[in-house]
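Okay, here's what each chain looks like letter by letter:
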Amino acid sequence: MKKNSSRFFYAFILNRCVMYLCNMSKVRVRFAPSPTGGLHLGGVRTVLYNYLYAKKQGGDFIVRIEDTDQTRFVEGAEQYIFDCLKWCGMEPDESPLHGGPYAPYRQSERKETYKQYAEQLIKDGFAYYAFDTTEELENMRANFKTPENPSPQYDGKIRMQMKNSLTLSTDEVKKLLTENARHVIRIKMPAQEIISFTDMIHQEVSFDSSLVDDKVLLKADGMPTYHLAVVVDDYLMKISHAFRGEEWLSSAPVHILLWKYLFGLEHMPQWAHLPLIMGPSGKLSKRDGAKYGFPVFAMNWPQAPSASDPKTNELAEGFKEKGFLPEAFINLLAVLGWNDGTEQELYSIEELIESFSIDRVHTAGAKFDFEKAKWFNQEWIKKLPVSHYQQRVKDLFESKSILIKNDTHFNKVLELVKERCVLLTDFYDQAVFFFIAPLQYDEASVKSKWDNTKSDFFSELIARYNLIADWNLISIETEFKNLATEKNSKIGELQMLLRVILVGSKMGPGVFVIAEAIGKTETVNRIEKALVNFSMF
RNA sequence: GCCGCGUUGGUCAAGGGGUUAAGACGCCUCCCUUUCACGGAGGAAUCACGGGUUCGAAUCCCGUACGUGGUACCA
């Protein structure tokens, strides 16, 4: 106790010192999705690492919607993202739905802000207007294309051959601008500069500015591109740490430069580029889900209906609907690319917050393994009390037309079978027979064993069972075993037959436990029914 | 092509100069159970390759190969 509190004290002091030395304000992280479709594995892991880091430091978790591409906007996607976060147990502190001091949190609603910064960059000579049409850009790419350079860039080498405010006269530019000619604003990448920064995962990363193209900052429709928008918003929203997928690493130099030009490197958040999650063959995609039979989205996502191809109007399955518990989903994602150095694998969200550290995140991408994912779910089903997921299982039963009348009894049944369920959906097969009599039997197991002595035994068992006043595990088992002994029959064999009679197949918990649970009347009914059916084998 | 990032069993991974190279999933065998699981005991399987540095390299350095991301008025 004493040791703990002193440890806490020193940790606290250390923390304060670090904050003082770095002149650090509050930890603020953001998850910035585009509302273009389902939220997949990688996305959820990115949120998770953001969330864990923020919560561990007592910081804020912000969700910002990056909807700057109006052509890719999908109705309902934003709400879906929030639903997924809620299901996963990660409530944002600030977001378009939750509000906050830096609203609006939707980039489309901050359009004018970005424009000012873009103009500022032009004024300072760090950016320029470009008037090239789509055709002109295509021509450029076609003309400069060589086997050695299959995808020419709009960069320092060719910008002087294009139609922009660097090549046109001031008057021409002014004229085009007043005429409202379609144009974009591009960053002017410096000719020779090594741009480097420290990534919390990859350590030192550096780029040669001459190899990076003049990225568009402000599009012709006045919307910013991601590059401008992240930097501006991260600054305005006082983001302290920016964790994102590794697919952004290549464009990091653009963002670093923008920070330098606009706000100063000292205000820049600390970066961490998270390795990508892979599918069985390469990058994890929606297709992998269909191909290998596992979900890639957090929750079901109805693919956008397409008039030209009705096949695309299908459902992308989610972990929730597949039968995963959010606890398991979060757990498996957290340890896919991170571990705390101990042998622990099962973590609650609170334990994750406690143990998480960004510097123990792997540098390499990890392949998603569905078998292991299922194992996590199985462990969580065993670990959590049945009451935790009872409603979901109840809904499952009711969707299959089995009405649950008694919740206490239902709870007991689930308790009996929980350790043999991997997915929540398994509860149906594992427990249906507690509610309805088997419709068919495992014939192969019965055929070789069934004869007159067996049918005599079960006929007499019915009589004995009918006499039991107190229907409980002991009386059921005792009667059964006594009768078997009297008849000089093999108990094990008869037990197996009783199991098939009650369940339909060789599965489930102890036979007498099942008999007790379904009750005397139902047990007797099922034996009677089997006596008729088995006579045909 | 160019640039970035990466590479420990099939998968997730610990280990970061001297280890019999942890552990988990999956697979196999056995025990438990005349069921299916759970549980328990075992087993097979690994440092991408080639050069250095070193008494000693999975570990440090350099190449190569492979993978992956970027190379859009997408994010």
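As a reminder, the structure under discussion sits directly above these lines.
Reading the values: rules and limits
Residues numbered from 1 in each chain as written. Chains lettered and ligands numbered in written order. Predicted model: local features only at pLDDT ≥ 70, side-chain atom pairs only at ≥ 80, totals over all residues. Heavy atoms only, no water. Helix = DSSP H or I, 4+ residues; strand = E, 2+ residues; numbered from the N terminus. Expected span 1.5 Å × (residues − 1). Buried < 20%, exposed > 50% of the residue type's maximum accessible area, 1.4 Å probe, protein only. Arc of directions from axis to C-beta. Contact = heavy atoms within 4.5 Å. Polar contact = N/O pair within 3.5 Å; in protein donor to acceptor, adjacent residues only side chain to side chain. Phe/Tyr/Trp six-rings, centres within 6.5 Å; stacked < 30°, edge-to-face > 60°. Lys NZ or Arg CZ within 6 Å of the ring centre and 35° of its normal. Near = heavy atom within 4 Å. Nonpolar A, V, L, I, M, F, W, Y, C, P; charged D, E, K, R; others polar. Pairing = 2+ DSSP bridges. Axes fitted to C-alpha atoms, helices over the stretch in contact; angles between N-to-C directions. Parallel < 35°, antiparallel > 145°, perpendicular 65-115°, else oblique. Left-handed = near helix turned anticlockwise from the far one by under 90°.

Under the 1.5 Å per step criterion, the end-to-end length of helix α19 (residues 473-487) is 21 Å for 15 residues, consistent within 8% with the ideal 21 Å. Within α19, the full set of buried residues consists of Ser475, Ile476, Phe480, Leu483 and Ala484. Viewed along the axis of α19, the buried residues span an arc of 160 degrees, placing them on a single side of the element. Of the residues in α19, the exposed ones pointing more than 90 degrees away from the buried face are Ile474, Thr485 and Glu486. The inward-facing, buried residues of α19 contact α18 (452-467), α20 (491-503) and α21 (511-518). N-capping of α19 is provided by Asn472, with a side-chain oxygen placed 3.0 Å from the backbone N of Ile474.

Moving on, we come to the packing of aromatic side chains. By the definition in use, this model includes 36 aromatic pairs. Taken together, the ring pairs connect Trp87, Tyr292, Phe294, Phe319, Phe324, Phe329, Phe368 and Phe370 into an aromatic cluster. If you follow Lys383 out to its NZ or CZ, it ends over the ring of Trp380, 4.5 Å from the centre. In this structure, Lys400 packs its charged tip against the face of Tyr428, placed 4.5 Å from the ring centre.

This part takes up the protein's contact with RNA strand B. Around RNA strand B sit 64 residues, and of these Glu148, Lys219, Glu345, Arg420 and Lys506 come closest. Taken together, the sugar and phosphate atoms account for 69% of what RNA strand B places within 4 Å of the protein. The contact in question runs from a base nitrogen of RNA strand B to an N or O atom on the backbone of Asp132, over 3.0 Å. Within the backbone of Lys367, a nitrogen or oxygen atom sits 2.9 Å from a phosphate oxygen of RNA strand B. When contributions to the surface near RNA strand B are tallied by element, the ones reaching two or more residues are α5 (134-144), β4 (184-187), β6 (203-208), β11 (282-283), β14 (366-367), α13 (370-383) and α20. Of all the elements, α13 adds the most residues to the surface near RNA strand B, at 5 residues. Within the surface near RNA strand B, the residues separate by chemical class into 22 nonpolar, 16 polar and 26 charged.

The strand order across the open sheet built from 3 strands is β11-β10-β14, with neighbouring strands paired in mixed fashion. Only two strands of the sheet have a single neighbouring strand rather than two, namely β11 and β14. Alignment of strand β10 (residues 277-279) against β14, held across 2 bridges, turns out to be parallel. Residue pairing for β14: Met278 is matched across the bridge by Lys367.

Bringing the packing of α18 against α20 into the picture now. In the contact formed by α18 and α20, the axes pass within 12 Å of each other and the chain directions differ by 70 degrees. For the element pair α18 / α20, the angle class is roughly perpendicular. For the pair α18 and α20, the crossing hand works out as right-handed. Across the interface between the two elements, Lys454, Phe457 and Phe458 from α18 touch Glu493, Leu494, Leu497, Leu498 and Ile501 from α20.

One open sheet accounts for 3 strands, arranged β3-β4-β7; its pairing is antiparallel. Single-partner strands in this sheet number two, and they are β3 (127-130) and β7 (216-218). The mean angle between the axes of side-by-side strands here comes to 45 degrees, regardless of whether they run parallel or antiparallel. The sheet contact formed by β3 and β4 spans 4 bridges and is antiparallel. Paired with Tyr128 across the bridge in β4 is Arg186.

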